[in-house]
Amino acid sequence: MPVHDRIIAVSGLAPPPGYSHAVTATGRLAFVSGQIALDTDGQVVGIGDLAVQTEQALTNLHRIIKSLGADWPDVLKLGWYLLDVKDVQIIREVRNRVIRPALGDLPNPASTLVQVAALVRPEFLVEVDAVVAVPD
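Residues numbered from 1 in each chain as written. Predicted model: local features only at pLDDT ≥ 70, side-chain atom pairs only at ≥ 80, totals over all residues. Heavy atoms only, no water.

### Some remarks on the environment of T112
Here comes step 1: Here T112 shows up in strand β5 (residues 110-115).
Here comes step 2: Judged by relative accessible area, which is 31%, T112 ranks as partly exposed.
Here comes step 3: For the pair T112 and L78, spaced 34 residues apart in sequence, the C-alpha separation works out to 6.5 Å.
Here comes step 4: Beyond its immediate stretch of four places on either side in the chain, T112 contacts K77, L78, G79 and W80. (Helix = DSSP H or I, 4+ residues; strand = E, 2+ residues; numbered from the N terminus. Buried < 20%, exposed > 50% of the residue type's maximum accessible area, 1.4 Å probe, protein only. Contact = heavy atoms within 4.5 Å.)

See the structure below:
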């Protein structure tokens, strides 16, 4: 089983708002490609609705994580790609609703949010990828 530690208290830095400053891990790592708001038939979900698209992207990500034999507590880092960073609170609310219950007392994973000019198709508002510590 992988061992990982989430670091939120760093001397000289403010506590991070909803993520870990760093996460250490041992064991196998999986780098999961960015997930977007496509359903099982490849159709776009939630056109124009960032919350719905975020939930679908996280659902897709979770399916991949589970297929690796891992779960949300094994996610070390999330990478977020968003068309407008002013919408970050929507991402946080959905993330906390979807991921927080599985984490229990663990802090959220390390995280990066990047504002992008566009995603692969104009219908998409968000994309999320992950680094996962895969249990043996």
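Continuing now.
### Structural notes on the packing of helix α1 (residues 50-67) against helix α2 (residues 88-98)
Any two packed helices are characterised by how steeply their axes cross, that is the angle between the axes, and by the distance between the axes.
Here comes step 1: Where α1 contacts α2, the axes come no closer than 9 Å and their chain directions differ by 40°. Considering the angle they form, α1 stands oblique to α2. Between α1 and α2 lies a crossing whose hand is right-handed. Listed contacts from α2 to L50, A51, T54, E55 and L58 of α1 are I90, I91, V94, R95, R97 and V98.
Here comes step 2: Taken together, the residues that form the contact of α1 with α2 break down as seven nonpolar, one polar and three charged. (Axes fitted to C-alpha atoms, helices over the stretch in contact; angles between N-to-C directions. Parallel < 35°, antiparallel > 145°, perpendicular 65-115°, else oblique. Left-handed = near helix turned anticlockwise from the far one by under 90°. Nonpolar A, V, L, I, M, F, W, Y, C, P; charged D, E, K, R; others polar.)

### Side note on the environment of A117
Here comes step 1: Mapped onto the fold, A117 is located in the loop between β5 and β6 (126-134).
Here comes step 2: Sequence separation of A117 and L82 is 35 residues, and the distance between their C-alpha atoms is 8.5 Å.

### Some thoughts on the side chain of R6
Here comes step 1: Tracing the chain through its elements places R6 in strand β1 (residues 3-7).
Here comes step 2: One polar contact links the side chain of R6 to the main-chain carbonyl oxygen of P73, over a distance of 2.6 Å.
Here comes step 3: The residues contacting R6, other than those within four sequence positions of it, are S20, A22, V23, W72, P73, D74, V75, L103, L106, P107, N108 and P109. (Polar contact = N/O pair within 3.5 Å; in protein donor to acceptor, adjacent residues only side chain to side chain.)

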